[in-house]
Amino acid sequence: QVQLVESGGGLVQAGGSLRLSCAASGRTFSSYAMAWFRQAPGTEREFVANVAWSGSPYYADSVKGRFTISRDNSKNTVYLQMNSLKPEDTAVYYCATTKVRYETYFTAHEYAYWGQGTQVTVSS
């Protein structure tokens, strides 16, 4: 059974940084894309970034240049380094992964496994 456990959220002032981690277990980590989504109250879950099995990263326009996604296959962990945080980045951040090897997706419904979420709050 695939399990994803996020950590690293918290409260930070605008302009600050946070690093989220997501530890995966239950299957071969390196063959699958990993992604981060976020959801603010009253909004739909939105794509933030993903990293393909090959290591290629993709970003939403809203975070490009500020966030960096990376993966460490030796630790079965994906990271999201968030810099220059803005109040509009406030949300619950979720880690997700797919059922299909060697494919990369950008919408929430294509991801089968999800973590419990970690709250990120950016104060102005």
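What comes next concerns the included structure. None of the values given here were measured: they were computed from a predicted structure. (Residues numbered from 1 in each chain as written. Predicted model: local features only at pLDDT ≥ 70, side-chain atom pairs only at ≥ 80, totals over all residues. Heavy atoms only, no water.)

1. Focus: the overall build of the protein
Working step 1: Regarding its fold elements, the protein presents 0 helices and 11 strands.
Working step 2: Reading the helices (α) and strands (β) of the protein from amino to carboxyl end gives β-β-β-β-β-β-β-β-β-β-β.
Working step 3: For 124 residues, the compact-globule formula gives about 14 Å, and the C-alpha radius of gyration of the protein, at 13 Å, lands near that figure.
Working step 4: By principal-axis analysis of the C-alpha atoms, the protein measures approximately 40 × 30 × 25 Å.
Working step 5: In the protein, which comprises 124 residues, the proportion classed as buried is 42%.
Working step 6: Across the protein, contacts joining residues at least 24 apart in sequence account for 60% of those joining residues at least 6 apart.
Working step 7: When the accessible surface of the protein is split by element, carbon and sulfur atoms take 47% of a total near 6,200 Å².
Working step 8: Positive and negative side-chain charges of the protein, numbering 11 and 9 respectively, have mean locations separated by a distance of 7 Å. (Helix = DSSP H or I, 4+ residues; strand = E, 2+ residues; numbered from the N terminus. Rg over C-alpha atoms; globule rule 2.2 N^0.38 Å. Buried < 20%, exposed > 50% of the residue type's maximum accessible area, 1.4 Å probe, protein only. Contact = heavy atoms within 4.5 Å. Areas by Shrake-Rupley, 256 points an atom, 1.4 Å probe, with all protein chains shown as cover. Lys, Arg positive; Asp, Glu negative; His and termini not counted. Charge placed at Lys NZ, Arg CZ, Asp CG, Glu CD.)

2. What to know about the state of the cysteines
Working step 1: Under the defined criterion, the tally for this structure stands at 1 disulfide.
Working step 2: Covalently, Cys 22 is tied to Cys 95 through a disulfide, its sulfur atoms 2.1 Å apart. Disulfide Cys 22-Cys 95: the torsion about the S-S bond is -75°, which places it as left-handed. Of this pair, Cys 22 sits in strand E3 (residues 18-25) while Cys 95 sits in strand E9 (residues 91-97), placing them 73 residues apart in sequence.
Working step 3: By relative accessible area, Cys 95 is classed as buried at 0%. (Disulfide = S-S within 2.5 Å.)

3. Remarks on the nonpolar core
Working step 1: Among the nonpolar cores identified, the biggest contains 32 residues, and Trp 36, Leu 80, Met 82 and Tyr 93 are the most heavily contacted of them.
Working step 2: Taken together, the elements giving at least two residues each to this core come down to E3, strand E4 (34-39), strand E5 (46-51), strand E7 (67-72), strand E8 (77-82), E9 and strand E11 (118-123).
Working step 3: Leaving out residues up to four positions away in the same chain, Met 82 has contacts with Gly 16, Ser 17, Leu 18, Leu 20, Arg 66, Phe 67, Tyr 93 and Val 120. (Core = buried A, V, L, I, M, F, W, Y, C linked by side-chain atoms within 4.5 Å.)

4. A look at the pairing of E9
Working step 1: The buried count for E9 comes to 6 of 7 residues, which makes it a mostly enclosed element.
Working step 2: With 6 bridges joining them, E4 and E9 adopt antiparallel strand pairing. Each bridged residue has a counterpart across the sheet, and for Phe 37 the counterpart in E9 is Tyr 94.
Working step 3: Summarising the sheet, E9 and E11 pair through 3 bridges and their orientation is antiparallel. When the sheet's bridge partners are listed, Tyr 93 is paired in E11 with Thr 118.
Working step 4: Strand direction decides the pairing type here: E9 and strand E10 (residues 113-114), joined by 2 bridges, are antiparallel. (Pairing = 2+ DSSP bridges.)

5. Brief notes about the sheet that holds E7
Working step 1: Here 4 strands make up an open sheet; going across it, the order is E1-E3-E8-E7 and the pairing antiparallel. Both edges of this open sheet fall to strand E1 (3-7) and E7, since each of them pairs with a single strand only. Strand-to-strand twist of the sheet, defined as the mean angle between neighbouring strand axes without regard to direction, takes the value 15°. (Axes fitted to C-alpha atoms, helices over the stretch in contact; angles between N-to-C directions.)

6. Overview of the side chain of Asp 89
Working step 1: By the element assignment, Asp 89 lies in the loop between E8 and E9.
Working step 2: Reaching out from Asp 89, the side chain makes a polar contact with the side chain of Arg 38 at a distance of 2.9 Å.
Working step 3: What Asp 89 contacts, discounting residues up to four positions off in sequence, is Arg 38, Arg 66, Phe 67, Ser 84, Val 120 and Val 122. (Polar contact = N/O pair within 3.5 Å; in protein donor to acceptor, adjacent residues only side chain to side chain.)

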